[in-house]
Amino acid sequence: MEDKWFELVGRESASRVLSEWEEDRAGERDRARSGFWGSFWQKINRIKIRKKKRNRPVLSLCLLLIVMAGCLGCELFIPKDPLYMDLANYAHEPCREFWFGTDTMGRDLFSMIWYGGRISLLIGLTATAVSTLIAVIFGAVSGLSPRWLDALLMRLSEILLSVPGLLLVVLLQAVLGKANVWSISFVIGITGWMGIAKVVRTETKQIRNSEYVTASKCMGGGFFHVLWNHLAPNFISSIMFMVVMNVRSAILSESTLSFMGIGLPLDIISWGSMLTLADKALLSGAWWMILFPGAFLIVTLVCITNIGSALKDGAGSRESNL
Amino acid sequence: MNGKNPYLYYGGKVLGFFLSMAVLSFVVFYIARLAPGDPLVSYYGERAEKMAPDERAAATGKLGLDDPVSVQYIRWIRGALRGDFGISYKYKTDVTQVIGGRIGNTLLLGGTGFILIFVFSLLLGILCAWFEDRFPDRVICKIGTITSCIPEFWLSLVLILIFAVNLHILPGSGAYTAGREGDIKDRIWHLILPMTIVVTGHLWYYAFMIRNKILEEIRSDYVLLAKAKGLSKRRIMFRQCLRNVMPAYLSIMAISVPHIMGGTYIIETVFSYPGIGTLSYESARFQDYNLLMVLCMLSGGVVILCNMAAQTINELIDPRIRSGRDNGISEVSGLGG
């Protein structure tokens with residue numbers, strides 16, 4: 001009986017069906033154990049499951065959602081025009097009119113933070129999209145290609161990335177011309193894909209010779225078909241954590257670059273470019289110009305980090321032997 | 001290597017290193033030339049913008065910038081092989097001299113920072129693993145997650161604001177007070193703030209790695225055996241687990257060198273600390289080609305060397321890696337390296 005099943009639906013799905021039968025049978029067994037001991041047994045089972053669950057970063061998710069919603073819908077509640085330079089009130093301390101004070105160009109910081117958050121988050125997401133795309137394609141090509149090509153590709157990318165990140169960005173920026181949101185995302189994206197590419201490559205190498213990949217190739221499936229339908233489902237869970245972490249480091253890079261004067265110019269407001277004026281703030285002792293944008297930046301980054309590490313299962317899932 | 005000839009193995013490594021350096025020099029040379037910008041400005045200053053066309057042509061010819069890029073590259077390689085890296089356009093002296101005057105400062109900052117990170121991350125990692133999931137571990141993990149999210153430049157700004165601008169107890173920029181270059185006390189005084197930031201910026205990442213490595217190690221079977229034998233927790237942890245974790249830790253630290261270096265670059269620019277970081281930033285922005293090349297080769301060389309060291313350590317520990325399996329150390333992305 002079971003042999004026929006294998007022939008009909010293939011080994012993969014047959015084993016799935018078999019395991020479903022097993023589960024059904026187990027469920028029936030549980031249901032059969034009615035009464036006090038039966039419910040007790042079920043309760044114990046449930047406790048086990050609850051213990052296995054990873055801690056969910058509820059607080060981080062909520063905070064991040066609030067920040068994102070606030071940034072997207074900032075027009076609804078910000079009191080001032082973030083671009084308007086109120087020169088009569090430059091570098092004003094936080095007060096009732098300017099909640100977070102104004103910067104040295106007279107712009108209202110509270111409005112700027114919400115307005116600029118959009119750009120920061122957008123750059124984080126776009127840069128991650130760029131780096132993930134490059135990483136997945138590069139990793140898959142490298143993993144599927146013959147050994148010498150694989151070694152060559154990996155070595156080449158290592159060399160390219162051995163140019164210090166900062167210098168690479170400066171050079172690329174110079175090549176691409178005046179910085180805007182897209183060029184910055186692109187530059188950050190193409191400097192931060194190596195980690196993911198390595199993981200994709202390793203995973204691809206492990207499954208490149210499995211039957212379903214070969215079968216798909218024989219049936220004429222192209223590179224992207226195989227990548228999307230057969231490889232991606234295998235590596236997506238292991239790169240998820242790194243992808244989320246890439247969002248974080250992209251936002252971090254953007255702020256660092258803008259601060260150093262090689263990222264976004266002053267008139268495109270983001271959390272990083274708001275800190276460009278920090279040296280002037282240091283001279284005039286305007287602490288609010290440094291503190292508030294930085295605080296928003298850090299809160300967002302911490303939230304993203306927490307969400308990212310919740311996606312990754314740590315070593316703590318098993319009992320310690322010690 | 002097939003486990004037979006160590007000379008062939010290390011020879012291959014050395015050859016790979018030089019090949020990598022050659023490719024690197026080629027890439028940087030071309031990218032730098034592609035970037036629009038006027039190297040004459042960094043040589044002649046503002047005057048370059050007002051030059052007449054023929055003056056300009058003469059100046060370009062004098063610096064050898066009118067040849068095709070490939071000719072320039074070959075000329076550069078020839079010079080470099082003889083140890084002549086050309087002159088810096090901005091400082092008008094030999095590139096090696098310019099760098100030689102600055103590299104000590106960077107080594108002092110980065111090197112001391114590296115040693116501190118090396119020691120403290122090991123201690124923190126052990127501490128966290130010892131108290132796994134208990135109060136100290138949780139607190140340190142929380143604090144660590146937050147500190148790892150604080151951008152280095154922002155922390156520098158806040159510390160400068162607190163200690164230099166408001167309290168006036170620590171200097172906010174430079175490596176020494178003008179005219180007191182030899183004074184060691186003064187040096188240390190200037191190092192405190194940048195060093196704090198170098199260490200806090202990286203400490204947690206590596207502490208976390210070693211914590212996880214130890215936690216993995218604790219879950220292996222020999223620990224159970226040792227415990228059944230009646231060994232104390234301390235003995236198992238320090239004599240057995242730690243010894244097994246050490247090689248992995250060494251290779252992690254080898255990879256950390258470029259990251260710490262990258263962080264140092266950013267911190268140097270914030271503190272206007274006269275080191276390699278500020279120099280490379282300047283040279284890249286103002287098309288000081290010769291200086292840029294040497295700086296890129298220098299830091300690129302360190303990165304390649306460290307990656308190779310990490311790989312070699314891993315291969316020596318676990319020969320299976322040589323058959324092309326990943327070494328399991330995830331890279332940190334971003335500006336770090």
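Predicted, not measured: the structure shown is a model, and the values here were computed from it.

The rules behind the values
Residues numbered from 1 in each chain as written. Chains lettered and ligands numbered in written order. Predicted model: local features only at pLDDT ≥ 70, side-chain atom pairs only at ≥ 80, totals over all residues. Heavy atoms only, no water. Helix = DSSP H or I, 4+ residues; strand = E, 2+ residues; numbered from the N terminus. Buried < 20%, exposed > 50% of the residue type's maximum accessible area, 1.4 Å probe, protein only. Contact = heavy atoms within 4.5 Å. Areas by Shrake-Rupley, 256 points an atom, 1.4 Å probe, with all protein chains shown as cover. Core = buried A, V, L, I, M, F, W, Y, C linked by side-chain atoms within 4.5 Å. Patch = residues over 30% accessible without salt bridge, like charges linked within 9 Å, V, L, I, M, F, W, Y side chains within 5 Å. Salt bridge = Lys/Arg side-chain N within 4 Å of Asp/Glu carboxyl O. pLDDT = per-residue confidence, 0-100. Buried area = accessible area lost by both parts, 1.4 Å probe. Polar contact = N/O pair within 3.5 Å; in protein donor to acceptor, adjacent residues only side chain to side chain. Nonpolar A, V, L, I, M, F, W, Y, C, P; charged D, E, K, R; others polar. UniProt positions renumbered as here; feature names shortened; annotations may be inferred.

Caption draft 1: How the structure looks around the overall build of chain B. Broken down by element type, chain B carries 12 helices and zero strands. Secondary structure elements in chain B, listed N-terminal to C-terminal, are α-α-α-α-α-α-α-α-α-α-α-α. In chain B, which comprises 337 residues, the proportion classed as buried is 48%. For chain B, the share of sequence-separated contacts (at least 6 apart) that also reach a separation of at least 24 residues comes to 73%. Within the structure as shown, chain B displays about 16500 Å² of accessible surface, and the carbon and sulfur contribution to it stands at 64%.

Caption draft 2: Expanded view of the overall build of chain A. Across its full length, chain A carries 13 helices and zero strands. A buried classification covers 47% of the 322 residues belonging to chain A. Taking contacts inside chain A between residues at least 6 apart in sequence as the whole, the part at least 24 apart equals 68%. A total of about 17200 Å² of accessible surface is found on chain A, and carbon and sulfur atoms cover 64% of it.

Caption draft 3: Representation of the nonpolar core. Residues Phe259(A), Trp271(A), Ile290(A), Phe153(B), Trp154(B), Ile214(B) and Phe271(B) are the most contacted members of the largest nonpolar core, which totals 127 residues. Discounting chain neighbours no more than four positions away, the residues touching Phe271(B) are Ser156(B), Ile160(B), Gly172(B), Ser173(B), Gly174(B), Leu193(B), Pro194(B) and Ile197(B). Judged by nonpolar contacts, the second largest core, of 25 residues, contains Leu144(A), Met154(A), Ile207(A) and Phe241(A).

Caption draft 4: Looking closely at a nonpolar patch on the surface. Residue and element names in this part refer to chain A. Residues Leu59, Leu63, Ile66 and Val299 make up a contiguous nonpolar surface patch of about 370 Å² in total accessible area. Tallying contributions element by element places helix H3 (residues 58–72) first for the nonpolar patch, with three residues. Secondary-structure assignment places Leu59 in helix H3.

Caption draft 5: Molecular detail of the confidence of the model for chain A. Mean pLDDT over chain A works out to 76, with 78% of the residues at or above the 70 mark. In the model, residues 47–53 of chain A has pLDDT below 50 throughout and makes zero contacts with residues more than four positions away in sequence or in other chains.

Caption draft 6: Layout of the interface of chain B and chain A. Contacts between chain B and chain A engage 63 residues on the former and 59 residues on the latter. Interface area, chain B with chain A, both sides summed: about 5300 Å², of which 72% is carbon and sulfur. On the surface where chain B and chain A come into contact, there are two residue pairs in polar contact (both at pLDDT 80 or more). Of all the secondary structure elements, the ones that give two or more residues to the side of chain B that touches chain A are helix H1 (6–34), helix H6 (135–149), helix H7 (152–166), helix H8 (184–218), helix H9 (221–229), helix H10 (233–271), helix H11 (276–285) and helix H12 (289–317) of chain B. Residues belonging to the side of chain B that touches chain A are distributed by class as follows: 36 nonpolar, 17 polar and 10 charged.

Caption draft 7: Representation of the environment of Leu292(B) within the structure. Among the secondary structure elements, Leu292(B) is positioned in helix H12. On a C-alpha basis, the gap between Leu292(B) and Gly100(B) in space is 14 Å, while along the polypeptide they are 192 residues apart.

Caption draft 8: A look at the UniProt feature "transmembrane region" (unreviewed entry) in chain B. Per the UniProt annotation, the sites labelled "transmembrane region" (unreviewed entry) are residues 7–32, 107–131, 143–168, 188–208, 245–267 and 289–310 of chain B. From the first C-alpha to the last, residues 188–208 of chain B spans 29 Å; its make-up is 100% helix and 0% strand.

Caption draft 9: Region of the structure containing the confidence of the model for chain B. Residue and element names in this part refer to chain B. Per-residue confidence for chain B gives a mean pLDDT of 78, with 86% of residues at or over 70. Scored below 50 in pLDDT, residues 324–337 makes 44 contacts in the model with residues more than four places away or belonging to other chains. The ipTM value of the predicted complex is 0.77, and its pTM value is 0.77.

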